[in-house]
Number of protein chains: 2
Amino acid sequence: MKLALAPFAAAALMLAAAPAIAQEADKIDKAVKARQSLMTLYSFNLGLLGGMAKGEIAYDAEAAKHAADNLAALTAIDQTGMWPEGSDIETLGEKKSAALPVIWTKTAEFAEDRDALTKVAAEFAGAAGTDLDALKAGIGPVGKACGACHEDFRQKQN
Amino acid sequence: MKLALAPFAAAALMLAAAPAIAQEADKIDKAVKARQSLMTLYSFNLGLLGGMAKGEIAYDAEAAKHAADNLAALTAIDQTGMWPEGSDIETLGEKKSAALPVIWTKTAEFAEDRDALTKVAAEFAGAAGTDLDALKAGIGPVGKACGACHEDFRQKQN
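In what follows, the accompanying structure is described. (Residues numbered from 1 in each chain as written. Chains lettered and ligands numbered in written order. Predicted model: local features only at pLDDT ≥ 70, side-chain atom pairs only at ≥ 80, totals over all residues. Heavy atoms only, no water.)

A closer look at the interface of chain B and chain A
- In this assembly, 18 residues from chain B lie in contact with 18 residues from chain A.
- Taking both sides of the interface into account, the surface hidden between chain B and chain A amounts to around 1,400 Å²; carbon and sulfur atoms contribute 75%.
- The tally of links between chain B and chain A comes to two residue pairs in polar contact (both at pLDDT 80 or more).
- Those elements giving two or more residues to the side of chain B that touches chain A turn out to be α1 (2-53) and α2 (61-75) of chain B. (Contact = heavy atoms within 4.5 Å. Buried area = accessible area lost by both parts, 1.4 Å probe. Polar contact = N/O pair within 3.5 Å; in protein donor to acceptor, adjacent residues only side chain to side chain. Helix = DSSP H or I, 4+ residues; strand = E, 2+ residues; numbered from the N terminus.)

Comments concerning helix α4 (residues 107-125) of chain A
Residue and element names in this part refer to chain A.
- For α4, with 19 residues, the first-to-last C-alpha span of 27 Å sits near the 27 Å given by 1.5 Å per residue.
- Along α4, the residues that are buried comprise Phe110, Asp113, Leu117, Val120, Ala121, Phe124 and Ala125. Taken down its axis, α4 places every buried residue within 145° of arc, on the same side. Seen from the open side of α4, the exposed residues pointing more than 90 degrees away from its buried face are Glu112, Asp115 and Lys119. (Expected span 1.5 Å × (residues − 1). Buried < 20%, exposed > 50% of the residue type's maximum accessible area, 1.4 Å probe, protein only. Arc of directions from axis to C-beta.)

Points about the packing of aromatic side chains
Residue and element names in this part refer to chain B.
- In total, this model carries four aromatic pairs over all chains according to the counting rule given.
- Here the aromatic rings of tryptophan 83 and phenylalanine 110 are separated by 5.0 Å at their centres, their planes lie at 85°, and the arrangement is edge-to-face. Note that tryptophan 83 is positioned in the loop between α2 and α3 (89-92) and phenylalanine 110 in helix α4 (residues 107-125), a separation of 27 residues in sequence.
- Assessed through its relative accessible area of 18%, tryptophan 83 is described here as buried.
- The class for phenylalanine 110 is buried, based on a relative accessible area of 6%. (Phe/Tyr/Trp six-rings, centres within 6.5 Å; stacked < 30°, edge-to-face > 60°.)

Regarding the relation of the copies chain B and chain A
- The transform that puts chain B on chain A rotates by 180° and translates by 0.0 Å along the axis, for an RMSD of 0.1 Å. Read as a symmetry element, the transformation amounts to a two-fold axis. If distances are taken from each C-alpha of chain B to the rotation axis, the shortest is found for B:Ser37, at 2.2 Å.
- Taken as a fraction of all interface residues of chain B, those also at the interface in chain A reach 100%, which identifies the copy contact as same-surface. (Least-squares fit on C-alpha atoms with pLDDT ≥ 70 in both.)

Here it is, written out as structure tokens:
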């Protein structure tokens, strides 16, 4: 009797676990989308500021200030819940995430990289609306802070 | 001679215009992605808060405060550049955008709807971390403000 029921019991266990697994996958999917959305918004605002710095877009003090304020607010967003374990490139594959698993072992360094960006973005917000020279001087450290975190925690892009 | 050159001149004009058209399409594409990213982040934070309000997620004052602060910061992001004309459902098709063209005729009402959300989200940020009752009381007006703008300016979803 025990033997005959074993396959049924195993199937029942799997069925019982399925909603929990689906829920976990949904949580990870939403977390990845949220952090990628945040990066898209960093990039949207940096695109305008970078265009001005390179002289491709005419400098506009108000627009520069808005974009730099946005960037400062976005980099200050609390990212709790956006980086659940199991949301790395090795687990999800490179089409879904470029996040390196080292994020979950070097947690202090990861937090430091993020805090460094928040700090320089806040400084940049105080400068970008002053004049083009201030924008040009301030955007370098922001790009450097973005790059530092990518260097440490993101799969190299081709 | 003039007639013989006409087709060439027309082709040359089209070639000259092509980069400008591509640039415009790229600008619209980036704007749509930016505003959709913003909505994804609204939803990510509201998802946690809504889960707590419904009792599906255990109330955690700190997590609630973080999420509501995020939401307030996100709704205060300056959206200049995110809503260029020609980025509506009729121009881009429903797979790319649900934005109704009326956004560009009822500009004052559109701004009012957004400002209303910014306002209630700021109030909610002051309440969500107090206790579960305050969260429950505050989340209604936020959802209502989201819905009001969708009702006015977004294609009905199936």
